[in-house]
Amino acid sequence: MPHLKTIEGQLDASGLTFAITASRFNDFIVDRLLGGAVDFLVRHGAARQDITLVRVPGAYETPLAAKKLAASGKYDAVICLGAVIRGATPHFDYVAGECAKGLAQVMLESGVPIGFGVLTTDTLEQAVERAGSKAGNKGADAAAAALEMVRVMKQI
Ligand code: INI
């Protein structure tokens, strides 16, 4: 669309600081998301020493850690990684729902971009597909979205 003043975020991570939360629950999936997120940030100019990793027990605890990280003022963005996989009970709905709701609340209240890299899948196979195989890597996607939002927010 021509002649519009347009604000867009460039995917340039140089000089920025990031915190990543990674849940221990389903860690064999989450470690793949972590690899994808770090690889994305470094390939786009972030320095490894500017990326802080915080391990949390599960997706349910993630918003609390993200809230403190966002409020600390130390990070340009927080990227949250986890995997909630549906089981035979309604537990999934509570864990996934509270995690997503909590992270949205943290982002809006803090003004710090949050990358939502928490998989919510019906099966383990669907999680594997999204953790670096045929459906890409949602950790890298969450890092990309967080980075884009940092650059957008700096211009608005
Ligand atoms: N936590 C996850 O990150 N993924 C899951 O799939 C999951 N399931 O299925 O139970 C899960 N539960 C743990 C939860 O996040 C808390 O750590 C736990 O309830 C203790 O507060």
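Every value quoted in this text rests on a predicted model; they were computed, and no experiment measured them. (Residues numbered from 1 in each chain as written. Predicted model: local features only at pLDDT ≥ 70, side-chain atom pairs only at ≥ 80, totals over all residues. Heavy atoms only, no water.)

1. Things to note about the overall build of the protein chain
Then comes step 1: Within the protein chain one finds five helices and six strands.
Then comes step 2: Each helix and strand of the protein chain, placed in order from N terminus to C terminus, yields the pattern β-α-β-α-β-α-β-α-β-β-α.
Then comes step 3: Along the longest, intermediate and shortest principal axes, the C-alpha atoms of the protein chain span 55 × 35 × 35 Å.
Then comes step 4: Across the 156 residues that make up the protein chain, the buried fraction comes to 44%.
Then comes step 5: A separation of at least 24 residues holds for 79% of the contacts in the protein chain among residues at least 6 apart in sequence.
Then comes step 6: Accessible area for the protein chain stands at about 8600 Å²; split by element, carbon and sulfur atoms hold 55% of it.
Then comes step 7: The positive charge centre, built from 16 side chains, and the negative charge centre, built from 16, are 4 Å apart in the protein chain. (Helix = DSSP H or I, 4+ residues; strand = E, 2+ residues; numbered from the N terminus. Buried < 20%, exposed > 50% of the residue type's maximum accessible area, 1.4 Å probe, protein only. Contact = heavy atoms within 4.5 Å. Areas by Shrake-Rupley, 256 points an atom, 1.4 Å probe, with all protein chains shown as cover. Lys, Arg positive; Asp, Glu negative; His and termini not counted. Charge placed at Lys NZ, Arg CZ, Asp CG, Glu CD.)

2. Some remarks on helix α1 (residues 27-43)
Then comes step 1: The end-to-end C-alpha distance of α1 is 24 Å, a good match for the 24 Å that 17 residues give at a rise of 1.5 Å each.
Then comes step 2: Of all the residues in α1, the buried ones are Ile29, Val30, Leu33, Leu34, Gly36, Ala37, Val38, Phe40 and Leu41.
Then comes step 3: Just past α1, the residue Gly45 takes up positive phi, approximately 110 degrees. (Expected span 1.5 Å × (residues − 1).)

3. A short note on the pairing of strand β4 (residues 114-121)
Then comes step 1: Among the eight residues that make up β4, six are buried, leaving the element largely enclosed by the rest of the structure.
Then comes step 2: Sheet topology places strand β3 (residues 77-85) next to β4; eight bridges connect them, and they run parallel. The residue of β4 that forms the bridge with Leu81 is Gly117.
Then comes step 3: Handedness of the crossover is the feature at issue here: the chain leaves β3, passes through helix α3 (residues 91-110), returns alongside β4, and the resulting connection is right-handed. (Pairing = 2+ DSSP bridges. Right-handed = clockwise from strand over helix to strand, strands pointing away.)

4. Brief notes about the pattern of salt bridges
Pairs may arise between side chains of opposite charge once their charged atoms sit close together.
Then comes step 1: Scanning the entire structure with this criterion turns up ten salt bridges.
Then comes step 2: The closest approach of N and O atoms between Glu129 and Arg130, which form a salt bridge, is 3.5 Å.
Then comes step 3: The buried category is assigned to Glu129, whose relative accessible area is 16%.
Then comes step 4: Lys134 is the salt-bridge partner of Glu129, the closest N and O atoms lying 3.6 Å from each other.
Then comes step 5: Among the residues examined, Lys134 registers a relative accessible area of 69% and is labelled exposed.
Then comes step 6: Via salt bridges that share partners, Arg86, Asp93 and Asp122 belong to a single interconnected network. (Salt bridge = Lys/Arg side-chain N within 4 Å of Asp/Glu carboxyl O.)

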